[in-house]
Amino acid sequence: HLSNKDLKRQENELKKAQKKIKRANPTHSSFLRGFKGFKGKVNDFDVSPDGEYVVACSSDGTFRIFRSTDFTEQEPQTVYQKIDFHQPSAISLKHDKKMIAVGMGEAKMVEFYSIDEKTTYEDGVKTKINISFLKRSEERLHKTNMKHMFLDFEGKFYVTGSDEEDTTIKAWSLSGENLGTFATSQLRNHHVMRSENGRFLAIGAWTSDVMILELKTNKDGSLKSLGKAMTLKGHRKGIIDVAFNPSNDKAVTLSKDQTIKLWNID
């Protein structure tokens, strides 16, 4: 969907970025590894709870799986899948590492892929990863480009968010049924962050308020409701970013008013 001029500009920017990476010499004590192989910018990534899988999608039309039991010592195994005609904008991994959901921004749809590991014992223990296409959402999920997408940890449902004038947050079953819609009415959603337990979504937007939504589930893990849990008021300008702490009782927000605020949301 890009013109030749835009493609050329994107290519030049990528070459400049690659030159900077080559000149970089990460010597920080906490640095583990960088993941390479993409030909375009990385739009989103996700990490499995045990840290064995890192999945990422790029504007080059692919997503990749990086797998290693120890990223500090082993060269990670890499497999990739090309998504024809669409640029993936968001990616989310099921907790058992058996399924990946990939959001396609301009197409406003989600594709699902299964991950299958096969272990062989010839010439030592080897694990082969196979990616298989499962299904695609049957309709466009938003009016404008889809920017955010989170797959439920158990794979029961997924949540999507758009940018520009469509500021709705929507929940869907894997069969395509709309399970809930929440209109933030904040002109533009800048960032959507999920808590580590998967229960809350925090939305940073063009306005100064931060909305926190709650995803209530039934005993079988299916979605019961999607609704507002609270609103954080105190910034004077729009919200750039928002995040939760690991215990999900605090949130931190970054605003265009040049302040960072820490909130008690317990």
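Structure: see above.
Residues numbered from 1 in each chain as written. Predicted model: local features only at pLDDT ≥ 70, side-chain atom pairs only at ≥ 80, totals over all residues. Heavy atoms only, no water.

The tendency in soluble globular proteins is for nonpolar side chains to be buried side by side. Phe63, Ile65, Ile91, Ile100, Val102 and Ile115 are the most contacted members of the largest nonpolar core, which totals 18 residues. Elements represented by at least two residues in this core include exactly strand E2 (53–58), strand E3 (62–67), strand E5 (88–93), strand E6 (99–104), strand E7 (109–120) and strand E8 (126–136). Core analysis: the second largest hydrophobic core is formed by 14 residues, Val159, Ile169, Ala171 and Met211 among them. (Core = buried A, V, L, I, M, F, W, Y, C linked by side-chain atoms within 4.5 Å. Buried < 20%, exposed > 50% of the residue type's maximum accessible area, 1.4 Å probe, protein only. Helix = DSSP H or I, 4+ residues; strand = E, 2+ residues; numbered from the N terminus.)

Turning our attention to the pattern of salt bridges. Evaluated as defined, the whole model comprises nine salt bridges. Note that Lys94 and Asp96 form a salt bridge whose closest N and O atoms lie 3.4 Å from each other. For Lys94, a relative accessible area of 18% translates into the label buried. Here Glu111 makes a salt bridge to Arg136, at a shortest N to O gap of 2.5 Å. In this pair, Glu111 sits in strand E7 while Arg136 sits in strand E8, placing the two residues 25 residues apart along the sequence. The buried category is assigned to Glu111, whose relative accessible area is 2%. Here Arg136 falls in the partly exposed class, since its relative accessible area comes to 38%. Put simply, Asp50, Glu52, Arg67, Lys97 and Glu117 are held in one network by salt bridges that share partners. (Salt bridge = Lys/Arg side-chain N within 4 Å of Asp/Glu carboxyl O.)

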